[in-house]
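A closer look at the structure
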Amino acid sequence: MGKAVRVFLFSDALGWEIVNRYHFMESELAFRYPVRTQFGYSSTAVPTILSGEPPTEHGHFSFFFLDRNGRSPFKVFRYCHFLLHPAWFFNNHRIRRRIGNFLKLIFGFTGYFNLYKVPYSRLALFDYCEKNDIFAPGGLGRVANLHDMLEKTGLKYNISDWRRGDEYNLDEAERLLNSGETEFMFVYTAGLDGMLHFHVGDPDFVAVELDRFAGRVRALMKAAAANYEDWALTVISDHGMTPLAGAVDLRSRVEALGLKFGRDYAASYDSTMLRVWILKPECRRALMDSMNGAPGHWLTAREKSDFQVDFPDGKYGDEIFLLDAGIQLVPGDMGDKPIPGMHGYSPLDKDSEASLLASSPPPMIPSGIAGFFTLMKLTAAELVEHK
Ligand SMILES: [Zn+2]
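Residues numbered from 1 in each chain as written. Predicted model: local features only at pLDDT ≥ 70, side-chain atom pairs only at ≥ 80, totals over all residues. Heavy atoms only, no water.

1. Considerations on helix α15 (residues 371-385)
Taking 1.5 Å of rise per residue, 15 residues should cover 21 Å, and α15 covers 21 Å from first to last C-alpha, within 8% of that figure. Listing the buried residues of α15 in full gives Gly 371, Phe 372, Phe 373, Leu 375, Met 376, Thr 379, Ala 380 and Leu 383. (Helix = DSSP H or I, 4+ residues; strand = E, 2+ residues; numbered from the N terminus. Expected span 1.5 Å × (residues − 1). Buried < 20%, exposed > 50% of the residue type's maximum accessible area, 1.4 Å probe, protein only.)

Set out below in structure tokens:
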């Protein structure tokens, strides 16, 4: 074959339900498959795609986890959190963002970092999983990532910068395709995720935004066709978006027990799940019973193993209470109010499903998003073979 390129365009939250409902690029991307998401958020789905490994292997799940080894970078908050008053000022989202950026700088974090709404008074008890840039060489520690894999192939490749906006990354991709030099591209976009969180319930708005995105994808295809004899473009996503169906305050239920945080138990209140560490075994029953009647369920050992989050040391929680699809946990560590759309529900729920949309038949069809890594590896190997 002649000059060849393979483009993988990652689109955060472009789920299977959405692509079907809006007939997203049905004629141009005719090879279309639902792909099971990784249970959790992008904080675990993206490392899963980048490595082909499950969370129990790459170690990333939700951003915050209980610091059982005394390695928390936030230890200083044990002594200084009471200085961060008045709360109305220090909990203002702009101020929190500034404090988060300052911490990122002084701790030398290169990954995505956000304090979200985790109370300052509890921060010292937690550690954070994405301290390093997971896209960078060796960014997933002992597990090889996309960069490590591509580096070994000798191909001319490009992985776009996740810190940049979609416009920048799509412009760059188009420019690289027009220069005709690059052989393998991973284009990162997250704009649709941000849009769908707030507009998933507004079909007209979504249709316009998807059309705009499709226009950019078509431009990439055109540039590839004009500059390469052999090209293929594949759109992949990490999860879908579930419309808001209700909200529940699980934190008040736990706090009504009168147990002491950090002594009896610890908890992370994510958007769709409560993760609990049981520090005193005699508190287990009360903690678990406090969810009775709430719209969700405690994950069974079988589910944790099936979802590949059965961390042997309970790193991300000894028990996980997962809300029913569409129900949001508020107020919590991620936000105070419900928003129109959220992800992070059961991977078996239809709105959670990710998608694979390709311009030509893919060499394999992954069953779960970890398989996207295998697909990219296979594609890269084929390129090398045919050179
Ligand atoms: Zn999101």
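2. Some details on the sheet that holds strand β16 (residues 354-358)
An order of β2-β16-β7-β1-β6-β5 is seen for the six strands of this open sheet, with the pairing classed as mixed. Each of the sheet's edge strands pairs with one partner strand only, and the pair in question is β2 (31-35) and β5 (157-159). Across the sheet, the mean angle separating the axes of adjacent strands is 15 degrees when strand polarity is ignored. As defined by bridge partners, β5 adjoins strand β6 (residues 184-189) across three bridges and the pair is classed as parallel. Paired with Tyr 157 across the two strands is Phe 184, which belongs to β6. (Pairing = 2+ DSSP bridges. Axes fitted to C-alpha atoms, helices over the stretch in contact; angles between N-to-C directions.)

3. Things to note about the coordination of the zinc ion
At this site the zinc ion is bound by Asp 193 (OD), Asp 193 (OD), His 197 (NE2) and His 343 (NE2), with donor distances of 2.1 to 2.4 Å. Along the chain, the residues that donate to the zinc ion are spaced as D-x3-H-x145-H. Taken together, the positions of His 197 in helix α10 (residues 191-199) and His 343 in the loop between β15 (341-342) and β16 put the pair 146 residues apart, joining distant regions of the chain. (Donors = N, O, S within 2.8 Å, 3.2 Å for Na, K, Ca; no water.)

4. Regarding the sheet that holds strand β11 (residues 273-278)
Overall, antiparallel pairing links the four strands, which are arranged β10-β11-β13-β12 in an open sheet. The sheet is open, and its two borders are formed by β10 (265-269) and β12 (296-298), each paired with just one other strand. Taken over all neighbouring pairs, the strand axes of this sheet differ in orientation by 15 degrees on average, direction set aside. In the sheet, β11 pairs with strand β13 (residues 319-323) via four bridges, with the strands oriented antiparallel. Bridge pairing in β13 links Arg 275 to Ile 320.

5. Re the domain arrangement of the protein chain
One can read the domain layout of the protein chain as domain 1 (4-53 + 143-243 + 348-385) and domain 2 (56-133 + 245-338). Spacing between the C-alpha centres of domain 1 and domain 2 amounts to 30 Å. The interface of domain 1 with domain 2 comprises 17 residues on the first partner and 23 residues on the second. Here domain 1 and domain 2 share an interface that buries about 1700 Å² over both sides, 59% of which is from carbon and sulfur atoms. It is Phe 39, Tyr 41 and Ser 43 in domain 1 that bury the most area against domain 2; as a group they hold 40% of the surface buried on that side. Our count for the domain 1 to domain 2 interface comes out at eleven residue pairs in polar contact (both at pLDDT 80 or more). Within the residue set of the side of domain 1 that touches domain 2, elements represented by two or more residues are α2 (42-51) and β8 (242-243). Broken down by element, the residue count for the side of domain 1 that touches domain 2 peaks at five residues, all from α2. Residue composition of the side of domain 1 that touches domain 2, by class: six nonpolar, seven polar and four charged. (Domains from an automatic or database assignment. Contact = heavy atoms within 4.5 Å. Buried area = accessible area lost by both parts, 1.4 Å probe. Polar contact = N/O pair within 3.5 Å; in protein donor to acceptor, adjacent residues only side chain to side chain. Nonpolar A, V, L, I, M, F, W, Y, C, P; charged D, E, K, R; others polar.)

6. Details of the packing of helix α8 (residues 146-153) against α15
Packing of α8 against α15 leaves a shortest axis separation of 10 Å and a crossing angle of 10 degrees. Considered as vectors, α8 and α15 are oriented roughly parallel to each other. Read as a crossing pair, α8 and α15 show a hand that is right-handed. Residues Leu 146, Met 149, Leu 150 and Thr 153 of α8 lie in contact with α15, whose contacting residues are Phe 373, Met 376, Lys 377, Ala 380 and Val 384. Of the residues assigned to the contact of α8 with α15, the class counts are seven nonpolar, one polar and one charged. (Parallel < 35°, antiparallel > 145°, perpendicular 65-115°, else oblique. Left-handed = near helix turned anticlockwise from the far one by under 90°.)

7. Let's talk about helix α9 (residues 166-179)
With 14 residues, α9 should reach 20 Å at 1.5 Å per residue; the first-to-last C-alpha distance of 20 Å fits that figure. Every buried residue of α9 is accounted for by Asp 166, Asn 169, Leu 170, Glu 172, Ala 173, Leu 176 and Leu 177. Down the axis, α9 shows its buried residues gathered within 160 degrees of arc, on one side only. Just past α9, the residue Gly 180 takes up positive phi, approximately 70 degrees. (Arc of directions from axis to C-beta.)

8. Re the packing of α10 against helix α11 (residues 203-227)
Two elements in contact, α10 and α11, have axes separated by 10 Å at closest approach and are oriented at 170 degrees. The angle between α10 and α11 falls in the class roughly antiparallel. Here Leu 192, Met 195, Leu 196 and His 199 of α10 come into contact with α11, specifically with Phe 205, Val 206, Glu 209, Leu 210 and Phe 213. Classifying every residue of the contact of α10 with α11 by side-chain character gives seven nonpolar, one polar and one charged.

9. A short note on the packing of aromatic side chains
Under the criterion given, the structure shown has 20 aromatic pairs. Ring plane angle 40 degrees and centroid distance 5.1 Å describe the contact between Phe 39 and Phe 307, whose orientation is recorded as tilted. Highlighted residues: Phe 39 in the loop between β2 and α2 and Phe 307 in the loop between α14 (301-306) and β13, separated in sequence by 268 residues. Residue classification places Phe 39 among the buried residues on the basis of a relative accessible area of 1%. (Phe/Tyr/Trp six-rings, centres within 6.5 Å; stacked < 30°, edge-to-face > 60°.)

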